[in-house]
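An overview of the molecular structure
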Amino acid sequence: MNKTIRTALISVFYKDGLEPLIRLLHQQGVIIYSTGGTQTFIESLGVPVVPVEQLTGYPSILGGRVKTLHPSVFGGILGKREDATHVQEMEQYKIPTLDLVIVDLYPFEETVASTSDEKAIIEKIDIGGPSMIRAAAKNFKDVTVLAAKTEYTTLVELLTQQQGATTLEQRKEFAAKAFQVVARYDVAIAKYFDPAATLQFVEASGSPRSLRYGENPHQAATFYGDLSSLFTQLGGKELSYNNLVDVDAALQLICEFDSPTFAIIKHTNVCGVAQRTTVKESWDAALAGDPESAFGGVLITNRSIDIETAAAINSIFFEVLIAPSFEPEALATLQSKKNRILLEQKQNLANTVSFKGILGGVLTQGTDQGNIATWNEAGGRECSETEKADLLFANIVCKHLKSNAIALVKNKQLIGKGCGQTSRIDSLRQAVEKAKQFSADLKGAVMASDAFFPFNDCVRMGHEAGITAFIQPGGSIRDQDSIDYCKQNGLAMVITGLRHFKH
């Protein structure tokens with residue numbers, strides 16, 4: 001059902017782009033009601049405007065806190081035109097119908113970002129604005145509502161094409177967007193009062209990003225969040241759903257390391273990671289751990305990319321490269337292939353809560369902080385300094401593999417890994433075979449497990465392959481079986497007391 005707009009209430013903080021809409025409404029004979037700075041702006045355009053105070057019979061009071069909260073305003077917005085009782089009451093109390101409501105909200109988030117003055121922040125909590133927006137959106141069958149300046153051009157086009165009218169479908173679309181604006185605004189305020197509040201997916205995210213597709217081409221996908229706070233994209237195509245998932249895994253991993261480290265991520269799992277003196281050496285060692293799986297992967301380092309490293313990386317196909325900076329020559333080399341996504345990282349992830357959608361609802365949990373709770377040397381001997389360094393490295397890597405997870409490390413290089421298997425021994429078999437595939441020497445290597453060894457079979461198989469030290473959280477009723485095997489064979493074993501399941 002088309003509705004011709006004959007009256008409008010306009011009260012906005014941001015005037016950018018408003019002038020063409022005001023002039024069109026005037027041209028189409030719309031009576032405009034307004035107040036405060038918006039009224040002054042409209043008058044400056046030479047367009048007639050009726051002050052809201054003339055409608056309510058009250059001036060703006062309490063320092064501007066109360067201007068539009070009045071039955072004459074909300075009755076005009078909420079009154080149902082097809083309801084005889086509503087129409088009779090509106091006539092009785094001389095309440096004009098309001099066909100168009102254009103209202104935006106006080107800049108609360110901008111104020112929080114620019115000052116710590118609580119008084120100033122509190123004054124930017126809009127009351128009348130959200131109330132009018134919600135009222136107009138609720139009554140979308142009769143009222144058109146705009147809650148953001150990004151919609152001005154759209155409405156100008158519609159009113160021009162449709163001779164001053166809107167359709168029911170269009171009004172409903174505007175209403176849906178308006179409710180989203182108010183919801184986001186309320187979340188921002190709630191987070192200011194309680195920064196630790198868990199608000200599920202109702203996040204204060206200004207511009208949800210529609211992705212090309214989800215995990216597969218037939219799935220729609222949207223990203224809610226602020227990518228620009230994490231990195232600057234220096235080249236390449238738009239980040240896909242799968243890119244973003246792998247980038248998240250990469251950022252979670254790299255923040256665990258301080259020394260020069262390079263990692264390669266594939267389907268959220270680490271397939272190559274190494275720590276060396278330089279970024280080039282780290283890249284070479286990370287790639288050597290599994291050059292096959294690196295194809296099409298997401299690469300990340302915690303050091304600047306120099307020209308030598310860029311030249312080496314340039315020889316393989318990869319989806320994304322993330323680094324804190326790129327030397328000019330290195331960037332030019334990497335940008336030679338236009339689809340490569342190059343991300344300059346600004347800061348580490350600071351997530352303290354993770355989310356997972358299940359059963360039509362949402363699970364939340366704290367992120368997996370920390371790596372070990374205790375360092376309990378429970379084996380047949382104490383670790384050497386080299387083994388200790390490798391065990392700490394392997395434990396971090398294992399934490400970032402899908403369960404059941406096993407990581408084999410030597411000289412701070414991942415040389416074999418097993419993940420996502422339904423039994424721990426299968427993950428170990430996978431890790432050993434991966435190491436053999438690329439001729440890695442397992443003699444003197446170490447093994448990390450994300451959870452306890454339920455039997456001594458993993459320790460026994462690892463020992464037979466050349467592993468000399470193990471790290472695991474413990475907690476099995478049969479922990480002693482693995483401990484005894486290590487004691488009998490002079491192997492080191494560290495029990496950390498901290499499990500790292502990842503599903």
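Overview of the structure. Keep in mind the model is a prediction, meaning the values are calculated, not measured.

What counts, and where the lines are drawn
- As a convention, each chain's residues are numbered from 1 in the sequence order in which they are written.
- Predicted model: local features are reported for residues with pLDDT of at least 70 only, side-chain atom pairs are reported and counted for 80 or more only, and whole-chain, interface and lining totals are derived from all residues.
- Side-chain numbers come from the whole structure's heavy atoms, not from hydrogens or water.
- Counting from the N terminus, the helices are DSSP H or I runs at least four residues long and the strands are E runs at least two residues long.
- One less than the number of residues in a helix, times 1.5 Å, gives the span that helix is expected to have.
- Only protein chains enter the area calculation, which uses a 1.4 Å probe; residues under 20% of their type maximum are buried, those over 50% are exposed, and those in between are partly exposed.
- One bridge is not enough; two strands pair if DSSP finds at least two bridges between them.
- Axes here mean lines fitted to C-alpha atoms, for a helix over just the part in contact, with angles spanning 0 to 180 degrees between N-to-C directions.
- Any two residues whose heavy atoms approach within 4.5 Å are treated as being in contact.
- Working definition: roughly parallel below 35 degrees, roughly antiparallel above 145 degrees, roughly perpendicular at 65 to 115 degrees, and oblique for all remaining angles.
- Left-handed describes a crossing whose near helix is turned anticlockwise from the far helix through less than a right angle; right-handed describes the clockwise counterpart.
- Any residue outside Ala, Val, Leu, Ile, Met, Phe, Trp, Tyr, Cys, Pro, Asp, Glu, Lys and Arg is labelled polar, Gly included; the first ten of those are nonpolar and the last four are charged.
- Like charges are joined within 9 Å and nonpolar side chains (Val, Leu, Ile, Met, Phe, Trp, Tyr) within 5 Å, but only among residues with over 30% relative accessible area and no salt bridge; these make up the patches.
- Accessible surface is estimated by sampling points in the Shrake-Rupley manner with a 1.4 Å probe; for residues, cover comes only from the protein chains shown.
- For this document, the term salt bridge refers to a Lys or Arg side-chain nitrogen within 4 Å of an Asp or Glu carboxyl oxygen.
- Any two of the Phe, Tyr and Trp rings considered here, Trp counted by its six-membered ring, make a pair once their centres fall within 6.5 Å; the pair's planes then place it as stacked at under 30 degrees, edge-to-face at over 60, or tilted in between.
- Criterion for a charge above a ring: Lys NZ or Arg CZ within 6 Å of the ring centre, and within 35 degrees of the ring normal.

**Description of helix α11 (residues 241–254)**
Here α11 contains 14 residues, and its C-alpha end-to-end distance of 20 Å stays within 8% of the 20 Å for a straight helix at 1.5 Å per residue. Within the span of α11, buried status applies to N243, L244, D246, V247, A249, A250, L251, L253 and I254.

**A word on the sheet that holds strand β12 (residues 269–275)**
Strand pairing within a sheet occurs via backbone hydrogen bonds; the two strands may be parallel or antiparallel. The six strands lie next to each other as β10-β15-β14-β13-β11-β12, forming an open sheet whose pairing is mixed. Strand pairing shows two members of the sheet lacking a second neighbour, β10 (231–235) and β12, which therefore form its edges. Averaged over all neighbouring strand pairs, the angle between strand axes comes to 20°, with direction disregarded. Taken together, the four bridges between strand β14 (residues 318–323) and strand β15 (residues 341–345) define a ladder with parallel strand orientation. Bridged to I322 within β15 is L343. Here helix α12 (residues 279–289) sits on the sheet in contact with β11 (261–266), β12 and β13 (297–301), set at roughly 35° to β11.

**Here's the deal with the packing of helix α16 (residues 424–437) against helix α17 (residues 457–465)**
As a packed pair, α16 and α17 sit with axes 9 Å apart at the nearest point and diverge in direction by 15°. One finds that α16 runs roughly parallel with respect to α17. Once α16 is placed against α17, the crossing between them reads as right-handed. Along the contact surface, α16 presents R424, I425, L428, R429 and V432, while α17 presents D457, C458, M461, G462 and A465. Residues of the contact of α16 with α17, tallied by class, amount to six nonpolar, one polar and three charged.

**Notes on the packing of helix α8 (residues 128–138) against helix α10 (residues 168–193)**
Viewed as axis vectors pointing N to C, α8 and α10 meet at an angle of 150°, and their least axial separation amounts to 9 Å. In this view, α8 runs roughly antiparallel relative to α10, as classed from their interaxial angle. As α8 runs across α10, the sense of the crossing is left-handed. For the pair α8 and α10, the contacting residues are P130, I133, R134, A137 and K138 in the first and A175, A178, F179, V182 and Y185 in the second. In terms of residue class, the contact of α8 with α10 is built from eight nonpolar, no polar and two charged.

**Focus: a nonpolar patch on the surface**
Together, I358, L359 and L363 make up an exposed nonpolar region whose accessible area comes to about 330 Å². With respect to the secondary-structure elements, I358 resides in strand β16 (residues 353–358).

**Considerations on the packing of aromatic side chains**
Enumeration according to the criterion identifies eight aromatic pairs in this entry. Between F108 and Y185 the ring centres are 6.3 Å apart and the planes differ by 70°, which places this aromatic pair in the edge-to-face class. Of the two residues, F108 is situated in helix α6 (residues 108–114) and Y185 in helix α10; the sequence distance between them amounts to 77 residues. Judged on exposure class, the residue F108 and its partner Y185 are both buried. Where Y192 meets F193, the ring centres are 5.3 Å apart and the plane angle is 80°; that geometry is what we call edge-to-face. Judged by relative accessible area, Y192 falls into the partly exposed class, the value being 24%. Site record: aromatic cluster; members linked through ring pairs are F108, Y185, Y192 and F193. Above the face of the Y14 ring, K149 is positioned so that its terminal group lies 5.0 Å from the ring centre.

Structural measurements only, silent on function.
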